[in-house]
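The lines below spell out each chain.
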Amino acid sequence: MAAWDLCVSLEELGPEAPPLRISVTSDLHIGGVILRIVEKTRINKDWSDHALWWKQKQQWLLRTSWTLEKYEIHADASLSLTPQHKPLRLGMPNGATLRLRACFSSPVFQTVMEIGRLLNIQQPEELSLMRTREQKKKKVEKEKEGEGEEHDITSLSLTAGPVPTLSNGMPVHFAESPQTEAVYRALSLSQPLPSPETTSKMERLTNLVDKAQLHSRWLDSSRSLLQQGVEKNDRVLLRFKYYCFHSLQPTREEVRLTQLYEQARWAVLLEVIDCTEEEMMVFAALQYHIGKVSALEPEKKSSCPSLVDLDSALQCLEVDVKSSPMGLLETMDTAPVLHDYLNIFRPKRLTLRGYKQFWFTFKDTSISYYKSKEESLKEPIQLMNLRGCEVIPDVCVASQRFCIKLLIPGPEGMNEVFLRCENELQYSKWTAACRLASKGKTLADGSFPSEVQNIRSFLAMQRPAPGPRIAQTGDGIYTHGLVSPRYHKKYKTKQLTPRILEAYQNVSHLSLTDALLRFIQIWQALPDFGISYFVVRFKGCRKDEVLGVANNRLIRIDLSSGNVLKTWRYNTMRQWNVNWDTQQVAIEFNGNVNIAFSCVTASCRIVHEYIGGYIFMCTRGKEHTGALNEELFYKLTGGHDAL
């Protein structure tokens, strides 16, 4: 077989050095090519992390037993022998930037798994990497100024196997030096309140198109960093992508809890997610309290690992009791039912009718109502199944308004129904029941009491606290970092301060961990929580619309008004596929319901990966211990190249 010359460039020889020319034959395997390159350089170093990169085809040559002929490499190919692990600048949700060593040859999904192990972030499959927003050259320096402090941890490395931790939860590799310990503390503690200059440099998403542009920047989880144009020392963002947080254990997951809080906080401050004025004041009070507690000496943790394990075991026992045989016996009996008088309003065109009172019954996942309690044994006026509905709270404790807005799927779109309750307890029970029913769960579900309690706890935060008011002068409250710009335009600082301090009295007793969890819980209860937006065009339509992808449903939204038009649940999905030639996604649901759409603001691969990713997250059971089925993830998300 005839020999020919192959050109290979090396980083070790410098950027100006000409490529090496080595004589090869088509039956030479990739391992032999690397061996000849190393012998010709005569550089004495560890080459085990190096691999060949084919620039023209954007492909790693990782199968060292394959021949040049099998890879279809000819004399015109330009190869590069380069390290697989390189420095990467990682933007964290709290604004800090980490410079660490990441794998540029593995699929992004595996790279994120390695980053999670390094940073001690459990359930790293919930995160992914996204590009930073594109900036004009004149704004590059301003972009760098807003990146926050940069920490270099390229010296840290991990070996295979479990990562040992100290009694305070810190991984042992972070305890190697005071500098790395400081980095871990920066990741596990909330950052100080941002200044107006910092907030102004952050990206604000004021409409659905802006939000859709944000989600178009996700990297493909099945392809490597280098395949997607990410180079050495480039900056990418690490963010929670899938909003179904599994098994959050505060005693062992400081970094995950803190970074999740930071992402939630910035989502509220930058108006990525909408909230009411009362909710904003509660968010501001919690941020203020978290900032004060974090500025003090960190909470002392037990030095005895067994106590930490015992605390975790007790939490698990509390969860298991809900699904114990006693709970099974309860579900075998008659399912609980809610009865009460409520007021209902159904908006209709050309009508000004207001609320009317009826006797309501909530059973299984349906609401029915009657003219009176005495007529509840007859046929109801209407029976509404709440599976797949949207539950939107409309509550204000100060004005004693306790309303629930329901968007119920119908043949012609979403039907609006408003329910008005008389008091907090009634509102808490019926809202919790509606939320469970929207997920296909009944009142017999073990999470119903805790859902009611969470709603009551949130309402209690909005209620004026008894006792003496906190003095305003001594606290030096800084409102610009606590509320979104919308409320700073609406109110002056002297108007916001007393309202935030009033809400602060209801949360000032919380520990740091409880305050972080409470903030996340309220964030999760917002109507628009966990929805990723994409501008699409449905088959047969002439105008663009918005597709919202959530952890349990797809939502069709009108682009101009923002109104929800239709909702489809994943549990009614039969199959979905992508036509890569036409870039069109087709989905089939139960009842012979078929939809198809093409993506406008993002690649259909991103939408496909979102849907498959959420279905993959549902496969994780309560016993999930970290062993993930990566092959299943790639099959569901279309990453066949990574298999």
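Residues numbered from 1 in each chain as written. Predicted model: local features only at pLDDT ≥ 70, side-chain atom pairs only at ≥ 80, totals over all residues. Heavy atoms only, no water.

Asks: Even after reading the chapter, I still don't get the overall build of the chain, so can you show me in this structure?
Replies: The helix and strand tally for the chain stands at 17 helices and 24 strands. Buried positions account for 49% of the 643 residues belonging to the chain. Counting contacts in the chain only where the partners sit at least 6 residues apart, residues at least 24 apart contribute 62% of the total. Surface summary for the chain: the accessible area is close to 32,000 Å², and the carbon and sulfur share equals 51%. (Helix = DSSP H or I, 4+ residues; strand = E, 2+ residues; numbered from the N terminus. Buried < 20%, exposed > 50% of the residue type's maximum accessible area, 1.4 Å probe, protein only. Contact = heavy atoms within 4.5 Å. Areas by Shrake-Rupley, 256 points an atom, 1.4 Å probe, with all protein chains shown as cover.)

Asks: Is there a simple way to think about the sheet that holds strand β12 (residues 356-363) in this case?
Replies: For sheets, the rule is that strands pair by backbone hydrogen bonds, running either parallel or antiparallel. Taken in spatial order, the 7 strands line up as β14-β13-β12-β11-β17-β16-β15 in an open sheet, and their pairing is antiparallel. Edge positions in the open sheet fall to β14 (382-385) and β15 (390-396), since each of these has one partner strand only. Going from strand to strand, the sheet's axes swing by 35° on average, the running direction of each strand aside. Here 4 bridges tie strand β13 (residues 366-370) to β14, and the two strands are oriented antiparallel to one another. (Pairing = 2+ DSSP bridges. Axes fitted to C-alpha atoms, helices over the stretch in contact; angles between N-to-C directions.)

Asks: I would appreciate a short explanation of the sheet that holds strand β10 (residues 235-240) in the present structure.
Replies: Pairing within the open sheet is mixed, and its 5 strands lie in the order β8-β10-β6-β7-β9. The open sheet has two edge strands, β8 (127-131) and β9 (150-152), and neither has a second partner. This sheet shows a mean twist of 45° between the axes of neighbouring strands, independent of strand direction. Pairing of strand β6 (residues 85-91) with β10 involves 3 bridges; the strand directions are parallel.

Asks: When you look at the pairing of strand β17 (residues 413-420) in this model, what are you seeing that I'm missing?
Replies: The side chains of a regular strand alternate, first on one face of the sheet and then on the other. Sheet topology places strand β11 (residues 337-345) next to β17; 3 bridges connect them, and they run antiparallel. Note that in β17 the partner of asparagine 343 across the bridge is arginine 420. Note that strand β16 (residues 401-410) and β17 share 8 bridges and pair antiparallel. For lysine 405, the partnering residue across the bridge sits in β17 and is phenylalanine 418.

Asks: Explain the packing of aromatic side chains to me, please; I cannot follow it from the model alone.
Replies: Aromatic rings in a pair are described by how distant their centres are and how their planes are angled relative to each other. A complete count under the given rule lists 33 aromatic pairs for this structure. For the ring pair phenylalanine 362 and tryptophan 430, a centre distance of 5.9 Å and an interplane angle of 70° mean the geometry is edge-to-face. A residue pair is termed long-range when its members are at least 10 positions apart, and phenylalanine 362 in strand β12 and tryptophan 430 in helix α11 (residues 424-438) qualify at 68 residues. Each member of the pair phenylalanine 362 and tryptophan 430 is classed as buried. Ring geometry for tryptophan 568 and phenylalanine 589: centres 5.9 Å apart, planes at 15°, overall stacked. Taken as a pair, tryptophan 568 in strand β21 (residues 564-569) and phenylalanine 589 in strand β23 (residues 584-589) lie far apart in primary sequence, 21 residues in all. Each member of the pair, tryptophan 568 as well as phenylalanine 589, is classed as buried. What links up through ring pairs into an aromatic cluster is the set Phe240, Tyr243, Phe245, Trp523 and Phe529. The ring of tyrosine 610 has lysine 241 lying over it, and the distance from NZ or CZ to the ring centre is 5.0 Å. (Phe/Tyr/Trp six-rings, centres within 6.5 Å; stacked < 30°, edge-to-face > 60°. Lys NZ or Arg CZ within 6 Å of the ring centre and 35° of its normal.)

Asks: When you look at the state of the cysteines in this model, what are you seeing that I'm missing?
Replies: Working definition: the covalent bond between the sulfur atoms of two cysteines is a disulfide. Across all of its chains, the model carries 0 disulfides by this definition. Lacking any disulfide linkage, cysteine 244 is separated from the closest cysteine sulfur, that of cysteine 618, by 6.3 Å. (Disulfide = S-S within 2.5 Å.)

Asks: Would you take a moment to explain the nonpolar core for this structure?
Replies: A general feature of soluble globular proteins is that nonpolar side chains tend to end up buried together. Leu119 and Trp523 are the most contacted members of the largest nonpolar core, which totals 148 residues. A per-element tally of this core places helix α8 (residues 277-295) first, with 10 residues. Ignoring sequence-local partners within four residues, the contact set of tryptophan 523 consists of Tyr243, Phe245, Leu260, Ala264, Ala267, Ile273, Phe283 and Phe529. In this structure, Ile22, Ile73, Ala77 and Leu79 belong to the second largest nonpolar core, which totals 22 residues. (Core = buried A, V, L, I, M, F, W, Y, C linked by side-chain atoms within 4.5 Å.)

Asks: I'm lost on the side chain of histidine 289 in this one. Help?
Replies: Mapped onto the secondary structure, histidine 289 falls in helix α8. Exposure remark for histidine 289: the relative accessible area of 4% places this residue in the buried category. In this structure, histidine 289 is in contact with Tyr504, Val507, Ser508, Leu510 and Ala515, ignoring residues within four places of it in sequence.

Asks: What exactly am I supposed to notice about the confidence of the model for the chain here?
Replies: In low-pLDDT regions, the fine details of the predicted coordinates are not to be read closely. Mean pLDDT for the chain: 84, with 86% of residues reaching 70 or above. The low-confidence segment residues 136-140, where pLDDT is below 50, has 0 contacts with residues more than four positions distant or belonging to other chains. Low pLDDT, under 50, characterises residues 299-333; the stretch is placed with 24 contacts to residues that sit more than four places away or in other chains. (pLDDT = per-residue confidence, 0-100.)

Asks: What is the right way to look at helix α16 (residues 604-618) in this model?
Replies: Counting along an α-helix, one turn takes 3.6 residues, and residues three or four places apart therefore face a common direction. Here α16 contains 15 residues, and its C-alpha end-to-end distance of 22 Å stays within 8% of the 21 Å for a straight helix at 1.5 Å per residue. Buried within α16 are the following residues: Cys604, Ile606, Val607, His608, Glu609, Tyr610, Ile611, Gly612, Gly613, Tyr614, Phe616 and Met617. (Expected span 1.5 Å × (residues − 1).)

Asks: What am I meant to see in the pairing of strand β1 (residues 4-10) here?
Replies: Counting buried positions over the 7 residues of β1 gives 5, a clear majority of the element. Judged from the 5 bridges that link them, β1 and strand β2 (residues 20-24) form a sheet pairing that is antiparallel. Among the inter-strand pairings, cysteine 7 is bridged to a residue of β2, identified as arginine 21. Of the strand pairs in this sheet, β1 and strand β5 (residues 78-83) are connected by 4 bridges, and their pairing is parallel. Residue pairing across strands places cysteine 7 opposite serine 78, the latter belonging to β5.

Asks: Sorry if this is basic, but what is going on with the pattern of salt bridges here?
Replies: Oppositely charged side chains can pair when the atoms bearing their charge come close. Going through the model one piece at a time under the given rule, you end up with 25 salt bridges. Taken together, the shared-partner salt bridges in this structure form one network comprising Glu126, Glu253 and Arg256. (Salt bridge = Lys/Arg side-chain N within 4 Å of Asp/Glu carboxyl O.)

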